[in-house]
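Observations on the three-dimensional arrangement
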Amino acid sequence: MDNRITKAVIPVAGFGTRLLPVTKTQPKEMLPLVDKPAVQYVVEEAVASGIESILFVTGRGKRAIEDYFDYAVELENELHNKGREKLLEEIRRVVDAVDIYYVRQKLPRGLGDAVLRARGFVGDEAFAILLADDIVVAEKPCLAQMLELYAEEPALYLAVMPVPHEEVSQWGIIKGREIAPSLYEVEDLIEKPSLAEAPSNLAIVGRYLIKPSLFAIIENIAPGKGGEIQLTDALREILRKERIYAYRFVGQHFGVGDKESYLKANVAFALQREEFAAPMRDFLRKLLEGKEG
Ligand code: G1P
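The following paragraphs examine the structure supplied in this document.

Turning our eyes to something else, we now look at the overall build of the protein chain. Within the protein chain one finds eleven helices and 13 strands. Expected size for 293 residues packed as a compact globule is a radius of gyration near 19 Å; at 20 Å, the protein chain falls within 12% of this value. Based on the C-alpha atoms only, the size of the protein chain along its principal axes is roughly 60 × 45 × 35 Å. Expressed as a percentage of its 293 residues, the buried residues of the protein chain come to 47%. Long-range pairs, those at least 24 residues apart, make up 76% of the contacts in the protein chain with a sequence separation of at least 6. In the protein chain, which carries 38 positive and 46 negative side-chain charges, the distance between the mean positions of the two groups comes to 4 Å.

This part is about the site of the ligand. Looking at the ligand, there are 13 residues lining it, with Asp-134, Gly-172, Glu-191, Lys-192 and Ile-204 nearest. Within the contact set of the ligand, an oxygen atom lies 2.6 Å away from a side-chain nitrogen or oxygen of Asp-134. Lys-192 places a polar side-chain atom, nitrogen or oxygen, 2.6 Å from an oxygen atom of the ligand. Protein burial of the ligand: of its 380 Å² of free accessible surface, 84% is covered by the chains. Of all the cavities here, the one that holds the ligand is the largest pocket. The element that contributes the greatest number of residues to the shell around the ligand is strand β11 (residues 202-210), accounting for three residues. Per-class residue counts for the shell around the ligand are five nonpolar, four polar and four charged.

Take the packing of aromatic side chains next. On inspection of all chains with the given rule, the structure shows nine aromatic pairs. Their ring planes at 85° and their centres at 5.0 Å tell us that Tyr-41 and Phe-269 sit as a pair that is edge-to-face. A residue pair is termed long-range when its members are at least 10 positions apart, and Tyr-41 in helix α1 (residues 38-48) and Phe-269 in helix α10 (residues 259-272) qualify at 228 residues. A single burial state applies to Tyr-41 and to Phe-269, both of which are buried. Taking 5.5 Å as the distance between ring centres and 35° as the angle between the ring planes, the aromatic pair formed by Phe-56 and Phe-69 counts as tilted. Here the residue Phe-56 occupies a position in strand β4 (residues 53-58), and Phe-69 occupies one in the loop between α2 (63-68) and α3 (73-81), the gap between them amounting to 13 residues. In terms of burial, Phe-56 and Phe-69 fall into one category: buried. The rings of Phe-56, Tyr-68, Phe-69 and Tyr-102 are connected pair by pair, giving a single aromatic cluster. For the cation-ring pair, Lys-7 lies above Phe-121, with the distance from its terminal atom to the ring centre recorded as 5.4 Å. A cation over an aromatic ring shows up here: Lys-36 above the ring of Tyr-41, its NZ or CZ 4.7 Å from the ring centre.

Counting buried residues along β4, six of its six residues qualify, which places the element largely inside the surrounding structure. The alternating pattern of β4 places Ser-53, Leu-55 and Val-57 and Ile-54, Phe-56 and Thr-58 on opposite faces, both of which are buried. Relative to β4, strand β1 (residues 7-11) runs parallel, the two sharing five bridges. Paired with Ile-10 across the two strands is Phe-56, which belongs to β4. Bridge count between β4 and strand β5 (residues 99-104): six bridges; the pairing is parallel. When the bridges of β5 are listed, Thr-58 appears paired with Arg-104.

Further remarks concern the packing of α10 against helix α11 (residues 274-288). Taken N-terminus to C-terminus, the directions of α10 and α11 make an angle of 120°; their axes are 6 Å apart at the nearest point. Put simply, α10 runs oblique to α11. Facing Val-267, Ala-270, Leu-271 and Gln-272 of α10, the residues of α11 in contact are Glu-274, Phe-276, Ala-277, Met-280, Arg-281 and Leu-284.

Okay, the layout of surface pockets next. Each pocket or cavity is described by its volume, and for the largest pocket that value is around 1500 Å³. At the level of elements, α5 (111-116), β8 (156-162), β11, β13 (252-255) and α10 are the ones that each hand at least two residues to the lining of the largest pocket. Per-element accounting of the lining of the largest pocket gives the leading share, five residues, to α10. When its residues are assigned to classes, the lining of the largest pocket shows 20 nonpolar, 15 polar and 14 charged. In this structure, the second largest pocket occupies an estimated 350 Å³ of space. What lines the second largest pocket is a set of 20 residues, among which Gln-40, Tyr-68, Glu-90, Ile-91 and Val-94 lie closest to the centre. Elements with a contribution of two residues or more to the lining of the second largest pocket: α1, α2, α3 and α4 (85-96). At six residues, the largest contribution of residues to the lining of the second largest pocket is made by α4. For the lining of the second largest pocket, the per-class residue count stands at eleven nonpolar, one polar and eight charged.

Rules used throughout
- Numbering of residues starts from 1 in every chain and runs along the sequence as written.
- It should be noted that, the model being predicted, local features are given only for residues of pLDDT at least 70 and side-chain atom pairs only at 80 or more, the latter also being counted only at that level, while totals for whole chains, interfaces and linings use all residues.
- The side-chain values count all of the structure's non-hydrogen atoms but skip hydrogen atoms and water molecules.
- Numbering of helices and strands runs from the N terminus, with a helix taken as a DSSP run of H or I at least four residues long and a strand as a DSSP run of E at least two residues long.
- Atoms considered for the radius of gyration are the C-alpha atoms alone. The globule rule reads 2.2 Å times the number of residues to the power 0.38.
- Here's how the labels work: a residue is buried when its accessible area is under 20% of the maximum for its type, exposed when over 50%, partly exposed in between, all with a 1.4 Å probe on protein chains only.
- Two residues qualify as a contact provided that any one of their heavy atoms is within 4.5 Å of a heavy atom in the partner residue.
- The positive count covers Lys and Arg only, the negative count covers Asp and Glu only, and His and the chain ends enter neither.
- Taken as the charge location is NZ of Lys, CZ of Arg, CG of Asp or CD of Glu.
- Think of it this way: one heavy atom of a residue within 4 Å of a molecule or strand is enough to make that residue near it.
- Under the rule applied, a polar contact is a pair of N or O atoms within 3.5 Å (in protein, one hydrogen donor and one hydrogen acceptor; residues adjacent in sequence only if both atoms are side-chain atoms).
- Here, Shrake-Rupley sampling with a 1.4 Å probe gives the accessible areas, and only protein chains in the shown set may cover a residue.
- Here a cavity is any set of points on a 1 Å grid over the protein atoms alone where a 1.4 Å probe fits but cannot get out, and a pocket is any open set with protein on both sides within 12 Å along at least 5 of 7 lines; a residue lines the site when it has an atom within 4 Å of a point.
- Think of it this way: a molecule belongs to a cavity or pocket when more than half its atoms come within 2 Å of the grid points there.
- Only Asp, Glu, Lys and Arg are considered charged, only Ala, Val, Leu, Ile, Met, Phe, Trp, Tyr, Cys and Pro nonpolar, and every remaining residue, Gly among them, polar.
- Two aromatic rings, drawn from Phe, Tyr or Trp (for Trp, its six-membered ring), form a pair once their centres lie within 6.5 Å of each other, and the interplanar angle then sorts them: stacked below 30 degrees, edge-to-face above 60, tilted otherwise.
- Over a ring means this: the NZ of a Lys or the CZ of an Arg is within 6 Å of the ring centre and within 35 degrees of the ring normal.
- Think of it this way: DSSP has to see at least two bridges between two strands before they count as a pair.
- With axes taken as lines fitted to C-alpha atoms, and helix axes fitted only over the stretch in contact, angles between N-to-C directions fall between 0 and 180 degrees.
- Roughly parallel refers to an angle under 35 degrees, roughly antiparallel to one over 145, roughly perpendicular to one between 65 and 115, and oblique to any angle outside these ranges.
- Grid points are joined across faces, edges and corners, and a volume is the space filled by probe spheres set on the points.

Written out as structure tokens, the structure reads:
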């Protein structure tokens, strides 16, 4: 059995309602963290983890993503003519790094349905799913950490992290038995439970290693939370037949799917950049002290 995963699916069809109004005409995945769109960090994580081809599940209004991961011939000629080779190289790097495919989710029927659109791309291979709302900063990419586990034991894996109890209703939550440090055997999963329903505070972060047997299950599940076909519900169903592990990854998570998290992520990313760290710190200190920036 081949224990390598080389394909990844990145669903980007969602409306981005929590970030309106900016997401009315702008895909949320294209909103910048400092100077790169959020989705680029996720694509870079996939590439750095050994992924060779990526399928974006897109929808209407998401064409900017396709254009971004393509050459911009006129702009690039202009940069070349002006001798700005470093910038040219930088904008080309991610475009050349990986094969990208696109399929549309024609109706917004939920994350599970979006993943189902990947069936033809995936064929009979195990694959990764990465959600562009979740950005993980880590020395070894979060996906690479999971792929190492998969190489040892090819099963289904979810990335998880503990969240404050008052936030459990914003996440898929697992019930798990810790079988090794940071590794849980999943016993149950619930999509966005109330605090009373939540079996733990371990939240599913948007990194999954999945097998194609999931597709037949997604096809047959009923709509769940929010009237949508939920990936979490399909995983709960698959749990009857297959083992799922939840892995508490090493790294710092940034959510970018809602306004508060997005703003915090931008500040954090700016502070992590060498050229902005000192001026940003200075600016923030003065701002907080009530002085003019
Ligand atoms: C989705 C999943 C949820 C998971 C989350 C991670 O929810 O349904 O289980 O915890 O992604 O970001 P969404 O945030 O798309 O509503």
